[in-house]
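A structural walkthrough
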Amino acid sequence: MAGRDMSQEMISCREALRFLYEFLDGELEGAPNEQVRAHFDVCQRCYPHLKLEASFRAVLQRACGTPCAPPELKSRLLAALAEADKG
Amino acid sequence: MTERRASFDEEALPHLDAVYRFALRLSGSPDQAQDLVQDTFVRAFKAWDQYTPGTQCKSWLFTICRNLFIRQWERGQRHDETVADNTRPEAPGQDVGNPLWSAVADVDPEGRFFDSIVDEEVLRAIDALPEDFRTVVVLSDVEGLSYQEISDMVGVPVGTVKSRLFRGRRQLQKALYDYAVEMGHIRGTHGRS
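Worth saying up front: this structure is predicted, and the values here are computed from it rather than measured.

Moving on, we get to the overall build of chain A. When helices and strands are counted, chain A shows 5 helices and 0 strands. For chain A, the N- to C-terminal ordering of α and β elements is α-α-α-α-α. Sorting the 87 residues of chain A into buried and exposed places 26% on the buried side. Taking the contacts inside chain A whose residues are at least 6 apart along the sequence as the reference set, 63% of them involve residues at least 24 apart.

So, in structure tokens, the structure goes:
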């Protein structure tokens, strides 16, 4: 079996779903990453899991990503830092 | 301005918005978040000599921010909120996909119902998570930190980060789904009408 291309092997649904978070979180590399991607590309049963997780993440980013530090915080902070820089 | 201050401004200050967002999710209150952010940056500046240039400044600031928050929080209240996740660390590997998604896939395979949930409700659901879960979910899903970075920050093994992420996400997904069902954005799949 030596020398066969692992990335061409189809993994099971169970296996693909087991690695779903690691795949989406960018924690998989090389052949395992390709195997999971290849599974979701073709498996109609698993694909919605990927899609739903991605939509979930997008909604968190939308809700949390907007607020910026208020200007008054910035000026307050710069004053505190200037003070700390003196002493 | 000293050289030390100039290098601090260049490396640390660009993360002000991210630290503010993180503090906001930790504390749930804009006033407390502002105090937390100010304390974080002043403390970071005082310890600036200990920071290794070129390393992950953002995670370092998050770590300081979280430590300050936990200390304040331990001093005061909300002890009941800590997660007893050493009782049974649910192994993500045992799982074969979210059963909720298997059901939702039939009615909304793209997850469009998420788009109909207003930001305030999403934030409310995040804030309702226990701190241990909330922190890892925000750091991973919003700030894009790696498992290793979160592990270093929070001071727990990568396996625990994964298990907290798994449980935190599931809890949050369930809360958002229940809300969407309640609001009529999606048809319920658990015997609800």
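And the narrative resumes.
Residues and elements named next belong to chain B. Those residues of helix α8 (residues 147-154) that sit buried are Tyr147, Ile150, Met153 and Val154. The arc enclosing the buried residues of α8, seen along the axis, measures out at 130°, which places them on a common side. Immediately downstream of α8, the backbone of Gly155 shows phi near 80°, a positive value.

One finds Ala23, Val37 and Cys65 of chain B to be the most contacted residues of the largest nonpolar core, which totals 59 residues. For this core, the element with the most residues is helix α9 (residues 158-182) of chain B, which contributes 7 residues. The two domains that each donate at least three residues to this core are domain 1 (3-79) and domain 2 (93-182) of chain B. Grouped together as the second largest cluster of nonpolar side chains are 7 residues, Ala16, Leu17, Val36 and Cys46 of chain A included.

This part takes up the packing of helix α4 (residues 47-65) of chain A against helix α6 (residues 119-127) of chain B. Interhelical geometry of α4 of chain A versus α6 of chain B gives an angle of 100° and a closest axis separation of 9 Å. Between α4 of chain A and α6 of chain B, the angle falls in the class roughly perpendicular. Contacts between α4 of chain A and α6 of chain B involve Val59, Leu60, Arg62 and Ala63 of chain A from the former and Asp119, Val122 and Leu123 of chain B from the latter.

One frequently used descriptor of interface size is the decrease in accessible area upon assembly of the parts. Between chain B and chain A, the residue contacts involve 41 residues of the former and 31 residues of the latter. Contributions of two or more residues to the side of chain B that touches chain A are made by α2 (16-27), α3 (30-46), α5 (99-107), α6, α7 (131-142) and α9 of chain B. In terms of residue count, α3 of chain B provides more of the side of chain B that touches chain A than any other element does, 7 residues in total. Split by residue class, the side of chain B that touches chain A holds 22 nonpolar, 10 polar and 9 charged.

Bringing the packing of α4 of chain A against α7 of chain B into the picture now. The N-to-C vectors of α4 of chain A and α7 of chain B enclose an angle of 100°; their axes lie 9 Å apart at closest approach. By the criterion of interaxial angle, the relationship of α4 of chain A to α7 of chain B is roughly perpendicular. In contact with Arg57, Leu60, Gln61, Cys64 and Gly65 of chain A of α4 of chain A, α7 of chain B contributes Val138, Asp141 and Val142 of chain B.

Moving on: helix α3 (residues 30-42) of chain A. All names here are of chain A. An ideal rise of 1.5 Å per residue puts 18 Å on 13 residues; α3 measures up with 19 Å between its terminal C-alpha atoms. Three or more residues of α3 are buried, namely Gln35, Val36 and His39. Burial along α3 is one-sided: seen end-on, the buried residues are contained in an arc of 95°. Opposite the buried face of α3, by more than 90 degrees, sit the exposed residues Gly30, Asp41 and Val42. If you follow the buried residues of α3, they end up packed against α1 (13-18) and α2 (20-24).

With that out of the way, let us pick up the domain arrangement of chain B. All names here are of chain B. Once the domains are mapped, chain B shows domain 1 (3-79) and domain 2 (93-182). In this structure, domain 1 and domain 2 have C-alpha centres spaced 24 Å apart. Taken together, the contacts link 10 residues of domain 1 with 11 residues of domain 2. Among the secondary structure elements, those contributing two or more residues to the side of domain 1 that touches domain 2 are α2 and α4 (57-76).

Turning our eyes to something else, we now look at the confidence of the model for chain B. Residue and element names in this part refer to chain B. Scored by pLDDT, chain B has a mean of 87; 87% of the residues are at 70 or more. Below pLDDT 50 for its whole length, residues 78-82 participates in 5 contacts with residues either more than four positions away or in separate chains. Note on residues 84-94: pLDDT under 50 across the span, and 14 contacts to partners over four residues away in sequence or across chains. Scored by ipTM, the complex comes to 0.84, with pTM at 0.82.

Note on placement: Glu15 of chain A falls in helix α1. Linking Glu15 of chain A and Gly87 of chain A, residues 72 residues apart in sequence, is a C-alpha distance of 58 Å.

Basis of the calculations
Within every chain, residues take consecutive numbers counted from 1 along the sequence as written. Chains and ligands are labelled by the order in which they are written, letters from A for the one and numbers from 1 for the other. Thresholds applied to this predicted model are a pLDDT of at least 70 for local features of residues and 80 or more for the giving and counting of side-chain atom pairs; totals over whole chains, interfaces and linings are not thresholded and use all residues. Helix and strand assignments follow DSSP, with helices taken as H or I runs no shorter than four residues and strands as E runs no shorter than two, numbered in order from the N terminus. Exposure criterion: with C-beta atoms placed from backbone coordinates, a residue whose C-beta has 20 or more other C-beta atoms within 10 Å is buried, one with 12 or fewer is exposed, and one in between is partly exposed. By definition, residue pairs are in contact when their C-beta atoms, positioned from the backbone, come within 7 Å. Directions drawn from the helix axis to the C-beta atoms are what define this arc. Here, a nonpolar core denotes buried Ala, Val, Leu, Ile, Met, Phe, Trp, Tyr and Cys residues that are linked to one another through C-beta atoms within 7 Å. As annotated, the domain borders come from an automatic or database domain assignment. To define axes, lines are fitted to C-alpha atoms, for helices over the stretch in contact only, and angles between the resulting N-to-C directions are given on a 0 to 180 degree scale. Just so you know how the angles are binned, under 35 degrees is roughly parallel, over 145 roughly antiparallel, 65 to 115 roughly perpendicular, and the rest oblique. Throughout, the ten residues Ala, Val, Leu, Ile, Met, Phe, Trp, Tyr, Cys and Pro are labelled nonpolar, Asp, Glu, Lys and Arg are labelled charged, and all others, Gly among them, are labelled polar. A helix's residues, less one, multiplied by 1.5 Å, set its expected span. Each residue carries a pLDDT score, the predictor's own confidence in it, on a scale running from 0 to 100.

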